[in-house]
Amino acid sequence: MDIRQRLHLSGMDSHAPELARKWGLGLEVTDFCYAPMLDDPATLPAVHEKMAGIDHFWLHAPFAELAPCAVDPLVREVTARRYRQALSAARQLGIRRLVIHSGYIPLVYFPEWFTEQSVAFWREFLPEVPEDMVLALENVMDETPQLMTDIVRQVDDPRLGLCLDVGHANPCASRCRSCSAPAVPIAPPPFVPLRSVPPGTGGNPSGNGAGNAGTAPAHGGKKKSHPSSCVYGENSVE
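None of these values were measured; they are calculated from a predicted model.

**Student:** Please provide a residue-by-residue account of the overall build of the protein, values included.
**Tutor:** Helices and strands together make up the secondary structure of the protein, namely six helices and eight strands. Beginning at the N terminus, the succession of helices and strands in the protein can be written as β-α-β-α-β-α-β-α-β-α-β-α-β-β. In the protein, buried positions account for 51% of the 238 residues. If you take every contact in the protein between residues at least 6 apart in sequence, the share linking residues at least 24 apart comes to 77%.

Below, the structure written as structure tokens:
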């Protein structure tokens with residue numbers, strides 16, 4: 001496989017569509033990270049225009065205030081509604097792969113609650129997902145990879161996989177020893193897309209290099225490849 005088929009530039013960079021076309025790379029559609037864009041009828045035509053000349057994609061679902069494991073059932077309803085809208089947008093755009101934040105927030109959700117309730121949410125929601133689509137749970141504030149791998153293993157559905165965001169894991173790893181590099185390879189159900197971050201930032205938004213999660217083991221042959229896996233490039237490219 002041409003490695004370019006597994007490299008996707010994040011649409012957070014306004015130059016990403018142009019550069020993806022130039023270099024033959026994929027594109028991560030990020031327009032719907034801001035949930036109200038799902039309600040704007042002008043968004044889909046604009047995104048479709050950006051996609052012209054590019055042939056492989058991921059779509060990033062909205063995430064702010066959304067939590068599959070929410071304590072309040074009304075929040076779960078809103079979460080499911082926004083995910084349905086993201087699925088609909090993806091289908092209309094011909095995109096079959098979506099990235100969705102896990103929703104874990106330390107000191108708000110007990111890990112046991114997060115895992116149990118996330119499993120319940122995804123078991124209920126996944127029957128609405130077409131068989132040819134894949135949702136990848138992405139780590140953000142997750143303090144250990146075990147939480148998401150437990151969810152995916154218990155749900156046991158090929159439509160639910162994992163997205164390892166090294167940039168998010170890095171600052172987390174400075175607080176949690178279990179997030180350090182040796183723990184990364186435990187994440188192989190059923191695929192592990194990777195996100196990269198600019199050198200020297202350590203994945204920390206402040207750019208001060210904090211964090212210590214190494215990336216080498218994630219590439220080191222301890223996981224099997226999967227046809228739905230890909231590598232994200234979140235670097236700003238000039």
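**Student:** Tell me about helix H1 (residues 16-23), residues and numbers included.
**Tutor:** Residues of H1 that are buried include every one of Ala16, Pro17, Leu19 and Ala20, and no others. In an axial view of H1, the angular spread of the buried residues amounts to 165 degrees, which keeps them on one side of the axis. Exposed and facing more than 90 degrees away from the buried side of H1 are Glu18 and Lys22. Taken together, the buried residues of H1 touch strand S1 (7-10), strand S2 (26-29) and helix H2 (43-50).

**Student:** Break down the packing of helix H4 (residues 111-125) against helix H5 (residues 146-155) for me, citing the residues and quoting the values.
**Tutor:** Running from N to C, H4 and H5 cross one another at 35 degrees; their axes reach a closest spacing of 9 Å. Crossing handedness for the pair H4 and H5: right-handed. Across the interface between the two elements, Pro111, Phe114, Thr115, Ser118, Val119, Trp122 and Arg123 of H4 pack against Leu147, Asp150, Ile151, Gln154 and Val155 of H5. Its residues placed into classes, the contact of H4 with H5 shows seven nonpolar, three polar and two charged.

**Student:** So, the nonpolar core: which residues are in play, and what are the values?
**Tutor:** The biggest cluster of nonpolar side chains holds 48 residues, and the ones touching the most others in it are Val29, Leu59, Trp122, Phe125, Leu135 and Leu160. Leaving out residues up to four positions away in the same chain, tryptophan 122 has contacts with Pro68, Tyr83, Ile100, Pro127, Leu135, Leu137, Ile151, Val155 and Leu160.

**Student:** Before we move on, could you go through unusual backbone geometry and cite the residues and values that matter?
**Tutor:** Unusually for a residue other than glycine, glutamate 65 sits at a positive phi of about 60 degrees. By secondary structure assignment, the location of glutamate 65 is in the loop between strand S3 (57-60) and helix H3 (73-93). Judged by its relative accessible area of 72%, glutamate 65 is exposed. Positive phi values are uncommon outside glycine, yet leucine 107 reaches one of about 70 degrees. Mapped onto the elements of the fold, leucine 107 is located in the loop between strand S4 (97-101) and H4.

**Student:** Give a detailed account of the confidence of the model for the protein, specifying residues and quantitative values.
**Tutor:** Looking at the protein, the pLDDT average stands at 80 and 72% of residues meet or exceed 70. Predicted confidence in the protein is weakest over strand S8 (residues 231-233), with a mean pLDDT of 38, and strongest over H3, with 98. Of the regions scoring below 50 in pLDDT, residues 178-192 engages in 50 contacts with residues more than four places distant in sequence or in other chains. Taken as a whole, residues 194-238 scores under 50 in pLDDT and shows 101 contacts with residues more than four places along the chain or in a different chain.

**Student:** Before we move on, can you summarise the pattern of salt bridges with the specific residues and values?
**Tutor:** Scanning all chains against the criterion turns up six salt bridges. A salt bridge links aspartate 2 to arginine 4, with the nearest nitrogen and oxygen atoms 2.7 Å apart. Among the ionic pairs, arginine 84 bridges to glutamate 128, the shortest N-O distance being 2.6 Å. With a gap of 44 residues between them, arginine 84 in helix H3 and glutamate 128 in the loop between H4 and strand S5 (134-138) connect regions that are remote in the sequence. Connected through shared salt-bridge partners, Glu131, Asp157 and Arg159 make up one network.

**Student:** Explain the environment of leucine 160 to me, and be specific about the residues and the numbers.
**Tutor:** Within the fold, leucine 160 resides in strand S6 (residues 160-165). As a C-alpha pair, leucine 160 and arginine 123 span 37 residues in sequence and 9.8 Å in three-dimensional space.

Conventions used here
Residues numbered from 1 in each chain as written. Predicted model: local features only at pLDDT ≥ 70, side-chain atom pairs only at ≥ 80, totals over all residues. Heavy atoms only, no water. Helix = DSSP H or I, 4+ residues; strand = E, 2+ residues; numbered from the N terminus. Buried < 20%, exposed > 50% of the residue type's maximum accessible area, 1.4 Å probe, protein only. Contact = heavy atoms within 4.5 Å. Arc of directions from axis to C-beta. Axes fitted to C-alpha atoms, helices over the stretch in contact; angles between N-to-C directions. Left-handed = near helix turned anticlockwise from the far one by under 90°. Nonpolar A, V, L, I, M, F, W, Y, C, P; charged D, E, K, R; others polar. Core = buried A, V, L, I, M, F, W, Y, C linked by side-chain atoms within 4.5 Å. pLDDT = per-residue confidence, 0-100. Salt bridge = Lys/Arg side-chain N within 4 Å of Asp/Glu carboxyl O.

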